[in-house]
Amino acid sequence: MITHGPSRVGSHAIDCGTLPAVVTVAHFSGQRGVEEFHLMVRPTAYGDIHTQLAWTERAYRDALASLGLDSDSAVLRRVFCSDLPNQATALEAHPFTNPHEPDERCAVSWVCQPPMPPAKVALWAYHVRVPDEALDKRTEGASLTLRRGELAHVWTTGMAAQGTSSSEQTAGLLTQYAEELQARGLRVADHVLRTWFFVQNVDVNYQGLVTARREFFTEHGLTPDTHFIASTGIAGASADVAALVTMDAYAIAGVRPEQIHYLAALDHLSPTHVYGVTFERGVAVAYQDRTHVMISGTASIDRAGHIVHPGDVQRQLQHTLKNVDALLGQADATFADVCMFIVYVRDPSDLAVVQQLMEERFGPAPMQVVVAPVCRPGWLIEIECEAIIAAAHPGLPAF
């Protein structure tokens, strides 16, 4: 058995040579040698969607080769697109972005959230490597299941439902998801750790999502007296222009209650139900040699649920980072443990300054800065992130 000492997340940029792309990667290796990688890839020159996808794939494949990874180590790829309805055909034509490609067993998520220009497309990829062992992965419908010992990690992408309103569609997709979980012996309240809701025209349709999710959660025993689910609810669209709400989700079969710790920095942020929404600010999941920390979409908000620094994106960014730091601290994590950031910006003209400020503070930490209005017009920016910290819990399941 290969053993390693306690590890921290290490991030660096990968040289793409003359290829017009930037690649950053974060790496964590636990005591048993199980490694996790988060990669972000973004083209840096203008080109049509096929050209940029070719650059992205080459940069991604070259980065994997430099890390000694093969494509079978891929668990999740999320593709951020500038005009998804017109780019879906190109995405399907490239195996690494095709959700149904049999030779690429990976959960693939598409979302219309324009990345930093001149990029029409950008990529977040999550990989796992186990010493001397192939990953036990299985795809079924919209889900990928990764089996690791007594646990099974289930990534579900691109869920949508029919309906004439965001409320009807949210209720439909949540009901469908609950039924699919039940077929696997899972329950929303016990096994779902993270969701992403992508809402077309969020200023109009977010309230329908909020109402339907709250009603669904109440029916399934998720209340302020129990717990909710870590989540991001943000502007985003699918290739289907009729889909007002789509969802990605992450659940773990076999997870124990003692592994799960919900995060709340009450000196900085109010509980979400104070202003009528139902999600957890973050969640930490403990394993034998590491803890995963997933921070929900977080904005410039105070303890009373009010917007802080209205109209000033730079000051909102700084206050948002204070809130994120406080949430990380609830899991004994810091920004040094973060393995990926997604930064959502309302105004496209703010992309460059936000990208610059994030890079000045966090250097080569993997991140994507994308256009995606937040659920209240006054919030100009929102940030989510994930962190991994070394831990020693010999009584818990291994990751």
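Residues numbered from 1 in each chain as written. Predicted model: local features only at pLDDT ≥ 70, side-chain atom pairs only at ≥ 80, totals over all residues. Heavy atoms only, no water.

Caption draft 1: Local environment of the layout of surface pockets. When its volume is computed, the largest pocket comes out at roughly 540 Å³. Lining the largest pocket are 27 residues, and of these Pro99, His100, Val108, Thr157 and Gly158 sit closest to its centre. Only strand S5 (107-112), strand S7 (136-140), strand S8 (143-148), strand S9 (151-159) and strand S12 (245-253) provide two or more residues apiece to the lining of the largest pocket. Taken together, the residues of the lining of the largest pocket sort by class into 11 nonpolar, 9 polar and 7 charged. (1 Å grid on protein atoms, 1.4 Å probe; cavity = no way out; pocket = protein on both sides within 12 Å on 5 of 7 lines; lining within 4 Å. Points joined across faces, edges and corners; volume = space filled by probe spheres on them. Helix = DSSP H or I, 4+ residues; strand = E, 2+ residues; numbered from the N terminus. Nonpolar A, V, L, I, M, F, W, Y, C, P; charged D, E, K, R; others polar.)

Caption draft 2: View of the sheet that holds strand S6 (residues 121-129). The strand order across the open sheet built from 6 strands is S1-S2-S3-S6-S4-S5, with neighbouring strands paired in mixed fashion. The sheet is open, and its two borders are formed by strand S1 (10-14) and S5, each paired with just one other strand. Geometrically, the sheet is characterised by an average inter-axis angle of 15° between neighbouring strands, direction not taken into account. The sheet contact formed by strand S3 (residues 35-43) and S6 spans 7 bridges and is antiparallel. Residue pairing for S6: valine 41 is matched across the bridge by leucine 123. The strands that helix H2 (residues 84-93) touches are strand S4 (74-81) and S5; relative to S5, the one it contacts most, it runs at about 155°. (Pairing = 2+ DSSP bridges. Axes fitted to C-alpha atoms, helices over the stretch in contact; angles between N-to-C directions. Contact = heavy atoms within 4.5 Å.)

Caption draft 3: Structural view of the packing of helix H3 (residues 166-183) against helix H5 (residues 202-219). Where H3 contacts H5, the two axes come as close as 7 Å, and the packing angle between them is 40°. As summarised for this structure, H3 and H5 are arranged oblique, according to the angle between their axes. When you trace H3 past H5, the crossing you get is right-handed. Each of Ser166, Ser167, Thr170, Ala171, Leu174, Thr175 and Ala178 in H3 lies in contact with H5, whose residues at this interface are Asn205, Gly208, Leu209, Ala212, Arg213 and Phe216. (Parallel < 35°, antiparallel > 145°, perpendicular 65-115°, else oblique. Left-handed = near helix turned anticlockwise from the far one by under 90°.)

Caption draft 4: Highlighting the environment of valine 108. Checked against the element boundaries, valine 108 lands in strand S5. Take valine 108: its relative accessible area is 6%, and that puts it in the buried class. In the structure, valine 108 is positioned 60 residues away from glutamate 168 in sequence and 25 Å away in space, judged by C-alpha atoms. Filtering out sequence-adjacent residues up to four positions away, valine 108 remains in contact with Arg77, Phe96, Thr97, Asn98, Pro99 and Thr157. (Buried < 20%, exposed > 50% of the residue type's maximum accessible area, 1.4 Å probe, protein only.)

Caption draft 5: Molecular detail of the sheet that holds strand S18 (residues 381-390). The strand order S13-S14-S15-S18-S16-S17 describes an open sheet built from 6 strands, whose pairing is mixed. Of all strands in the sheet, those bounded by a partner on one side alone are strand S13 (260-263) and strand S17 (367-371). Strand-to-strand twist of the sheet, defined as the mean angle between neighbouring strand axes without regard to direction, takes the value 10°. Bridge count for strand S15 (residues 290-298) against S18 is 7 bridges, and the pairing is antiparallel. Note that in S18 the partner of valine 293 across the bridge is alanine 387.

Caption draft 6: Broad picture of helix H1 (residues 49-67). The end-to-end C-alpha distance of H1, which contains 19 residues, comes to 27 Å, matching closely the 27 Å that a straight helix rising 1.5 Å per residue would cover. Every buried residue belonging to H1 is among Ile49, Gln52, Leu53, Trp55, Thr56, Glu57, Ala59, Tyr60, Ala63, Leu64 and Leu67, and all of these are buried. Here the buried face of H1 lies against S1, strand S2 (21-29), S3, S4, H2 and S6. For H1, the N-terminal capping position is held by aspartate 48, with its side-chain oxygen 3.2 Å away from the main-chain nitrogen of histidine 50. (Expected span 1.5 Å × (residues − 1). Polar contact = N/O pair within 3.5 Å; in protein donor to acceptor, adjacent residues only side chain to side chain.)

Caption draft 7: Here's a closer look at the pairing of S3. S3 sits mainly inside the fold: 9 of its 9 residues count as buried. Burial of S3 is two-sided: the residues Glu35, Phe37, Leu39, Val41 and Pro43 facing one way and the residues Glu36, His38, Met40 and Arg42 facing the other way are all buried. Here S2 runs beside S3; their pairing, made up of 9 bridges, is antiparallel. Residue pairing for S3: valine 22 is matched across the bridge by arginine 42. Where S2 folds back onto S3 in an antiparallel hairpin, the turn is made up of 5 residues, including glycine 33, whose phi is positive at roughly 85°.

Caption draft 8: Structural detail: the pattern of salt bridges. This structure, assessed with the given rule, holds 18 salt bridges. A salt bridge links lysine 137 to aspartate 72; the nearest nitrogen and oxygen atoms lie 3.8 Å apart. Pair noted here: lysine 137 is in strand S7 and aspartate 72 is in the loop between H1 and S4, with a separation of 65 residues, a long-range link. Connected through shared salt-bridge partners, Glu57, Arg61, Arg77 and Glu104 make up one network. (Salt bridge = Lys/Arg side-chain N within 4 Å of Asp/Glu carboxyl O.)

Caption draft 9: Geometry of the packing of aromatic side chains. This structure, assessed with the given rule, holds 10 aromatic pairs. Taking the centre distance of 6.2 Å and the plane angle of 55° together, the rings of phenylalanine 216 and phenylalanine 217 count as tilted. The same class applies to phenylalanine 216 as to phenylalanine 217, namely buried. Aromatic rings pair up to connect Tyr126, Trp155 and Tyr250 into one cluster. A cation over an aromatic ring shows up here: arginine 78 above the ring of tryptophan 196, its NZ or CZ 4.6 Å from the ring centre. Sitting over the face of the ring of tyrosine 275, arginine 376 holds its NZ or CZ atom 5.0 Å from the ring centroid. (Phe/Tyr/Trp six-rings, centres within 6.5 Å; stacked < 30°, edge-to-face > 60°. Lys NZ or Arg CZ within 6 Å of the ring centre and 35° of its normal.)

These results come straight from atomic positions and should not be treated as a statement about function.
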